[in-house]
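Summary of structural features
One letter stands for each residue in the lines below.
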Number of protein chains: 2
Amino acid sequence: MATMHDVARLAQVSVSTVSYVLTGTRPISQATRDKVHAAMAELDYQPNAMARGLASRRSRIVGLLMPMDERGLGATETAFVTGAAAAASTAGYHLVLAPVGTTDLDDLRRLASQRMLDGAVLMEVQVEDGRVAVLQEAGVPLVLIGRTSDTAALSYVDIDFDQTVREAVDHLVGLGHTRIAYVNHSEAAIAAGYGPAVRTRDAFVARMAAHGLEPLMIAAEDSAAAGREALDAALAQAPDLTALLAMNENAVFGILGELAARGRTVPGDVSVVSMVTSPQVAELAHPALTAMTSPGSALGRIAVEALLRQLDGVTGDHHQQLLPCALEIRGSTGPPGR
Amino acid sequence: MATMHDVARLAQVSVSTVSYVLTGTRPISQATRDKVHAAMAELDYQPNAMARGLASRRSRIVGLLMPMDERGLGATETAFVTGAAAAASTAGYHLVLAPVGTTDLDDLRRLASQRMLDGAVLMEVQVEDGRVAVLQEAGVPLVLIGRTSDTAALSYVDIDFDQTVREAVDHLVGLGHTRIAYVNHSEAAIAAGYGPAVRTRDAFVARMAAHGLEPLMIAAEDSAAAGREALDAALAQAPDLTALLAMNENAVFGILGELAARGRTVPGDVSVVSMVTSPQVAELAHPALTAMTSPGSALGRIAVEALLRQLDGVTGDHHQQLLPCALEIRGSTGPPGR
DNA sequence: GCGGATTGTCGAAGCGTTTCGACTAACCGG
DNA sequence: CCGGTTAGTCGAAACGCTTCGACAATCCGC
């Protein structure tokens, strides 16, 4: 491996000059720059990332922090990851995937103090999330995907759940539905303060009230089986139900299966809207699901871009942005039955 | 941030002694070790990852290389990623996600020469994969998830497609099916030499021949719509079809939808086996899919563990391992109809 | 009780960059 | 033509660790 010394020697300049050519920190004459570039090309020179990181105190690595406690990632979360990875890579940064749960705060403290991360993106943020304080204390710039309750001094990108729920409810109400149930994430998720679960609950209650309708919410684990149970529960509480909103990608399929098993057609008897869903997943169902399409990889990309701007930024202010999900009408919604 | 100097001063030993306490490279008396540990605790000392990496020429970072050209990751690939991340994290390594396609070999060369990666795990390996040579030339140890045609000097973990296809075919034949079609990945994937597509094709042809049956393979893009078309094509070529094997997670759902639309029941009229599928996804379908369950996160974990062993290993030899998918019988297969 | 191994510690030399201060030469406005 | 910028370059000092060679002290078999 060639080092900067080798390049400097071959180009007959000093090491610092080579460094300036590379970083552009100081002006260098065109002639010198050409000599240096020629030498670098000849030696097939690549700067050593560790040395650079040590001297400049910038690793050009950002972390993507996500809890791994749960049952793997859904399609939406996977899209965050790929979006973030692509954005980092484009900007010449590296993305390390750090599986650090909301409870392993000591692990996180260790990671943050190693000075390996220039910054971090937090996924699966909870309304009260201890990771935020840990990173701030360690002086690691951060951007959230999601948000905590107090966002005053934070950068975040999140889905606009208010707007998303509003559009979904309005779509159903517009079709003429009045008995609408919402199948949310699990009780555990809600209790833990998982943002999407808490915010959609509140938004649902609010929007139904605005229409003068009674809100019915059912919590369900992330599985098809739980979806079936959720449907049972919903029908028990509201036998005259004609529409369902579901946050829970996996549960939706259980709901559809159970509806079919009970001889209820979709959308003839019951309309279904899937919230925060990727088009691919929506297409898997039969009929294809009317869904609020999540801005998946865009969220990941925007989060990383905001972080990088913050890193080499004069900017004192914070990036705070909400993205709505787009309503895509497919085959699972229609006017209420007969 | 406290440095090793601070620790050494406080503990009244030399810097090198602190280093030896940390790395265990040389014996240190219990008394000294205690002093040093006390000092580290008091100062809240964390070693600087960059400095350590520079001095030791080991970054403790491994790369997970995956092409991003395609339509995001499926559930199976996501499981590789999470398995790998967990394994790396457990071993005190970091995992960087590098979206480097099979065609950006120059990007890869650059990445590999930066000395940031101690080793790499390659995902989505093609039968002829240029990335392997690039990494080998750069002297970066690597482990494949998948394998190339010539595996002589390589470490890899892969799914045992032969065995998986055999079990799936035998399951259907055992139920009494004789007209069986295989819905593979796309023509493009096959042409590009994508391992799973190529190997299952060959295995299917071979196993059908062993049973004295005629193999019928249809290629389909990874989408529900393509699955519908694939079913059309299959029925056109073999109207008396009673069973389908599908490699293509997304296409399976299209196939099920189209079967329902044509009034054919599953498994009454047609049995369906989904290959290399996660249980969660299999449960989404109605009826739940009989599937060959992919060893998802285990593959990622094993790959990383093999890589790390290779890194601090005397071992000259290579880790080569095939994992079969387990047949899990659910509701989508049964004896051929009436 | 002797030679050789082992244990425990230290100082110093890297590792390959960035960055700071200093210096020269050219340039510019008055 | 003089003082003050600016452009262009250099040498050396970090950056925070690992590792090598050296050395003293202790141990062990015989």
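Residue positions are counted from 1 within each chain, in the order its sequence is given. Each chain is given a letter, starting from A, and each ligand a number, starting from 1, according to the order in which they appear as written. Only residues with pLDDT of at least 70 are given local features in this predicted model, and only at 80 or more are side-chain atom pairs given and counted; all residues enter the totals for whole chains, interfaces and linings. Excluded from the side-chain calculation are hydrogens and water; included are all heavy atoms of the structure.

1. Quick look at the overall build of chain A
- Counting secondary structure elements, chain A contains 14 helices and 12 strands.
- Radius of gyration: C-alpha atoms only; globule rule: 2.2 Å multiplied by the number of residues to the exponent 0.38. Taken over the C-alpha trace, chain A has a radius of gyration of 25 Å; the compact-globule value for 338 residues is 20 Å, which it surpasses by more than 25%.
- When its C-alpha atoms are laid out on the principal axes, chain A stretches across 85 × 35 × 30 Å.
- Note on exposure labels: buried denotes an accessible area under 20% of the residue type's maximum, exposed denotes more than 50%, and partly exposed covers the range between, all computed with a 1.4 Å probe on protein chains only. Counting all 338 residues of chain A, 56% fall into the buried class.
- Intrachain contacts of chain A at a sequence separation of at least 6 include 71% that bridge at least 24 residues. Secondary structure elements are taken from DSSP: a helix is a run of H or I of four residues or more, a strand is a run of E of two residues or more, and numbering for both begins at the N terminus. Any two residues having at least one pair of non-hydrogen atoms within 4.5 Å are treated as being in contact.

2. Quick look at the packing of helix 6 (residues 105–113) of chain A against helix 7 (residues 130–137) of chain A
All names here are of chain A.
- Note on definitions: angles span 0 to 180 degrees between N-to-C directions of axes, and those axes are lines fitted to C-alpha atoms, for helices only across the stretch in contact. Between helix 6 and helix 7, whose axes approach to 9 Å, the crossing angle comes to 25°. Taken together, the axes of helix 6 and helix 7 lie roughly parallel to each other. As for how helix 6 packs across helix 7, the hand of that crossing is right-handed. Across the interface between the two elements, L105, L108, R109 and A112 from helix 6 touch G130, R131, V134, L135 and E137 from helix 7.
- Residue composition of the contact of helix 6 with helix 7, by class: 5 nonpolar, 1 polar and 3 charged. Angles are sorted into four bins: roughly parallel if under 35 degrees, roughly antiparallel if over 145, roughly perpendicular if 65 to 115, and oblique for all others. Two helices cross in a left-handed way if the nearer one is turned anticlockwise from the farther one by less than a right angle. They cross in a right-handed way if the turn is clockwise. We call Asp, Glu, Lys and Arg charged. Ala, Val, Leu, Ile, Met, Phe, Trp, Tyr, Cys and Pro are nonpolar, and the rest, Gly among them, are polar.

3. Observations concerning the packing of helix 11 (residues 224–237) of chain B against helix 12 (residues 249–261) of chain B
All names here are of chain B.
- Helix 12 packs onto helix 11 with a crossing angle of 55° between their chain directions and a minimal axis gap of 6 Å. When the axis of helix 11 is compared with that of helix 12, the two are oblique. Helix 11 and helix 12 meet at a crossing whose hand is right-handed. Residues A224, G227, R228, L231 and D232 of helix 11 lie in contact with helix 12, whose contacting residues are N250, A251, G254, I255, G257, E258 and L259.
- For the contact of helix 11 with helix 12, the per-class residue count stands at 5 nonpolar, 4 polar and 3 charged.

4. Structural notes on the sheet that holds strand 7 (residues 216–219) of chain B
Residue and element names in this part refer to chain B.
- By definition, two strands form a pair when at least two bridges between them are found by DSSP. Overall, mixed pairing links the 6 strands, which are arranged 7-6-8-9-10-12 in an open sheet. The open sheet is flanked by strand 7 and strand 12 (326–328), the only strands paired with a single partner. Each strand axis lies, on average, 20° off the axis of its neighbour in the sheet, ignoring direction.
- Here strand 6 (residues 180–184) runs beside strand 7; their pairing, made up of 4 bridges, is parallel. Residue pairing across strands places V183 opposite I218, the latter belonging to strand 7.

5. As for the pattern of salt bridges
- The term salt bridge refers to a pairing of a side-chain nitrogen on Lys or Arg with a carboxyl oxygen on Asp or Glu at a separation within 4 Å. Going through the model one piece at a time under the given rule, you end up with 34 salt bridges over all chains.
- R207 of chain A is the partner of D170 of chain A in a salt bridge, and the nearest nitrogen-oxygen pair spans 3.0 Å. With D170 of chain A in helix 8 (residues 161–175) and R207 of chain A in helix 10 (residues 195–210), the pair connects residues that are 37 residues apart, well separated along the chain.
- The class for D170 of chain A is partly exposed, based on a relative accessible area of 26%.
- Residue classification places R207 of chain A among the partly exposed positions, given a relative accessible area of 24%.
- In this structure, the salt-bridge partner of R109 of chain B is D106 of chain B, at a minimum N-O distance of 3.2 Å.

6. Describing the side chain of S59 of chain B
- When you line up the elements, S59 of chain B lands in the loop between helix 4 (49–56) and strand 1 (61–65).
- Polar contact criterion, stated in full: a pair of N or O atoms within 3.5 Å, where within protein one must be able to donate a hydrogen and the other to accept it, and residues adjacent in sequence count only if both atoms are side-chain atoms. A distance of 3.1 Å separates a polar atom in the side chain of S59 of chain B from the backbone nitrogen of I61 of chain B.
- In contact with S59 of chain B, other than residues within four places in its own chain, are M50 and M116 of chain A together with G53, M116, L117 and D118 of chain B.

7. Quick word on the packing of aromatic side chains
Residue and element names in this part refer to chain A.
- Aromatic rings from Phe, Tyr and Trp, taking only the six-membered ring of Trp, are treated as a pair when their centres fall within 6.5 Å; an angle between ring planes under 30 degrees marks them as stacked, one over 60 as edge-to-face, and anything in between as tilted. Scanning the model with the defined rule gives 3 aromatic pairs over all chains in all.
- Ring centres of Y182 and F204 lie 5.3 Å apart, and the angle between their planes is 45°; on these two criteria the pair is classed as tilted. Here Y182, found in strand 6 (residues 180–184), pairs with F204, found in helix 10; they are 22 residues apart in sequence, far enough to count as distant. When sorted by exposure, Y182 lands in the same class as F204, which is buried.

8. Some thoughts on the layout of surface pockets
- Cavity and pocket criteria rest on a 1 Å grid covering protein atoms alone: a 1.4 Å probe that fits but cannot get out defines a cavity, protein on both sides within 12 Å along at least 5 of 7 lines defines an open pocket, and an atom within 4 Å of a point defines a lining residue. Grid points are joined across faces, edges and corners, and a volume is the space filled by probe spheres set on the points. Quantified by volume, the second largest pocket comes out at close to 710 Å³.
- G92 and H94 of chain A together with R110, L111 and Q114 of chain B are, among the 30 residues lining the second largest pocket, the residues nearest its centre.
- Taken together, the elements giving at least two residues each to the lining of the second largest pocket come down to helix 4 (49–56), helix 5 (75–90) and strand 2 (94–98) of chain A together with strand 2 (94–98) and helix 6 (105–113) of chain B.
- A per-class count over the lining of the second largest pocket returns 17 nonpolar, 7 polar and 6 charged.

9. Topic: the environment of Y45 of chain A
Residue and element names in this part refer to chain A.
- By the element assignment, Y45 lies in the loop between helix 3 (30–43) and helix 4.
- For Y45, a relative accessible area of 9% translates into the label buried.
- Residues Y45 and S113, spaced 68 residues apart in sequence, show a C-alpha to C-alpha distance of 31 Å.
- Setting aside anything within four residues of it in sequence, one finds Y45 in contact with A2, T3, M4, V7, L22 and M40.

10. With respect to the nonpolar core
- Ranked by size, the top nonpolar core spans 94 residues in total, and within it L97 and L245 of chain A together with L97 and L245 of chain B carry the most contacts.
- Those residues in contact with L97 of chain B that lie beyond four places of it in its chain are V81, A85, L95 and L97 of chain A together with L64, M66 and V81 of chain B.
- By nonpolar core is meant a set of buried Ala, Val, Leu, Ile, Met, Phe, Trp, Tyr and Cys residues that side-chain atoms within 4.5 Å join together. Grouped together as the second largest cluster of nonpolar side chains are 57 residues, I218, L235, I255 and L256 of chain B included.

11. Regarding the protein's contact with DNA strand C
- The environment of DNA strand C is made up of 30 residues, and the closest members are S19, Y20 and R26 of chain A together with T17 and T32 of chain B.
- At 2.8 Å, a backbone N or O of S29 of chain B approaches a phosphate oxygen of DNA strand C.
- Separating a phosphate oxygen of DNA strand C from a side-chain N or O atom of T32 of chain B is a distance of 2.3 Å.
- Counting only elements with at least two residues in the surface near DNA strand C, the list comes to helix 1 (4–11), helix 2 (15–23) and helix 4 of chain A together with helix 2 (15–23) and helix 4 of chain B.
- It is helix 2 of chain A that contributes the most residues to the surface near DNA strand C, 5 residues altogether.
- Considering only residue class, the surface near DNA strand C consists of 13 nonpolar, 13 polar and 4 charged. Note on terminology: near, applied to a residue and a molecule or strand, indicates that one of the residue's heavy atoms is within 4 Å of it.

12. A closer look at the domain arrangement of chain A
Residue and element names in this part refer to chain A.
- In terms of domain boundaries, chain A breaks down into domain 1 (4–47), domain 2 (61–159 + 296–324) and domain 3 (161–294).
- Where each domain starts and ends follows an automatic or database-derived domain assignment. Relative placement of domain 2 and domain 3: their C-alpha centres are 29 Å apart.
- Counting from both sides, the interface comprises 14 residues of domain 2 and, opposite them, 15 residues of domain 3.
- When the two sides are added together, the surface that domain 2 and domain 3 hide from each other amounts to roughly 1300 Å², 49% of it contributed by carbon and sulfur.
- Buried surface area refers to the total accessible area, computed with a probe of radius 1.4 Å, that the two partners give up upon joining, counted for both partners together. Three residues, T76, V127 and I159, lead the burial of domain 2 against domain 3; their summed loss comes to 34% of the area buried on that side.
- In this assembly, domain 2 and domain 3 are joined by 1 salt bridge.
- One salt bridge connects D158 with R199, and the closest N-O pair in it is separated by 3.9 Å.
- Between domain 2 and domain 3 we count 7 residue pairs in polar contact (both at pLDDT 80 or more) in total.

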